[in-house]
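In case you want the letters, here they are:
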Amino acid sequence: DITGLDSTYDTYMLVGSDLRPSNQGVELGMRLGDSSGFDSGSGNYQWHAIRNAAGSSTYVAVNSGSDTRMAIALGVRGADANEGAGFVGWLHSPGDGTTYPIISGNHSNIDTGGNLQVGTFGGMRNGDITVDRVQIFFSAGTITSGRFTVLGVKHA
């Protein structure tokens, strides 16, 4: 969890690196929140993720129009040595924008077959909130190691 975001910056860069889950075959997800906490209601988010595993020419698109979180990476292996995930995302309109909070980005991870998987993701909060916090988590278990960093981008 990272808190303390405000309208000082118009966009935030979100970076997850060397993220390792305690369970195999889990999804990496994200939630946004305001001063009352993280939003996790059943219809709070829309999201879309596209992924491709190394050695495959097939791209898989997965999405939801009404969910409790936004998906970043699907089918992350991770409980064994040298496995995990990373991503770079952008939070647009976090605090004082005129649109709902929107996320876009890219991820890479090792999938449940032990292959490199890469893709893009995007999502939005179904409603206008003043975002002051971001949470990343795996769909089961915990994050056993890794880093989550937020950088502010100020437009001229």
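Residues numbered from 1 in each chain as written. Predicted model: local features only at pLDDT ≥ 70, side-chain atom pairs only at ≥ 80, totals over all residues. Heavy atoms only, no water.

**Here's the deal with the confidence of the model for the protein**
For clarity, the cut-off: Note on scores: pLDDT gives the predictor's confidence for each residue, bounded by 0 and 100. Each helix is a run of H or I in the DSSP string that is no shorter than four residues. Each strand is a run of E no shorter than two, and both are numbered from the N terminus.
Summing up the model confidence of the protein, the mean pLDDT is 89 and the portion of residues at 70 or higher is 99%. When mean pLDDT is taken per element in the protein, strand β4 (residues 37–38) scores highest with 96 and strand β7 (residues 70–76) scores lowest with 85.

**Regarding unusual backbone geometry**
For the record, the criterion: Note on classification: 1.4 Å probe, protein chains only; a residue is buried when its accessible area is under 20% of the maximum for its type, exposed when over 50%, partly exposed between these limits.
Backbone geometry at Asp18 places phi at a positive 55 degrees, although glycine is not the residue there. Here Asp18 shows up in strand β2 (residues 11–21). We classify Asp18 as exposed; its relative accessible area is 57%. With a phi close to 55 degrees, Ser93 is a non-glycine residue in the positive phi region.

**Points about the packing of aromatic side chains**
Applicable threshold: Any Phe, Tyr or Trp ring, taking Trp's six-membered ring, that has another such ring centre within 6.5 Å forms a pair; planes under 30 degrees apart are called stacked, those over 60 apart edge-to-face, and the others tilted. The criterion is that NZ of a Lys, or CZ of an Arg, lies within 6 Å of the ring centre and within 35 degrees of the ring normal, and then a charge sits over that ring.
Across all of its chains, the model carries three aromatic pairs by this definition. Note on Phe87 and Phe121: the rings are 6.2 Å apart at their centroids and 80 degrees apart in plane angle, and the pair reads as edge-to-face. Of this pair, Phe87 sits in strand β8 (residues 85–92) while Phe121 sits in strand β10 (residues 116–125), and the two are 34 residues apart along the sequence. Judged by relative accessible area, which is 3%, Phe87 ranks as buried. Under the relative-accessibility criterion, Phe121 is labelled buried at 6%. The interplanar angle of 45 degrees and the centroid separation of 6.1 Å between the aromatic rings of Phe87 and Phe148 together place this pair among those described as tilted. Of this pair, Phe87 sits in strand β8 while Phe148 sits in strand β12 (residues 143–153), and the two are 61 residues apart along the sequence. With relative accessibility at 17%, the residue Phe148 sits in the buried group. Taken together, the ring pairs in this structure connect Phe87, Phe121 and Phe148 into an aromatic cluster. One residue, Arg133, lies across the ring of Phe38, its end atom 5.9 Å from the ring centre.

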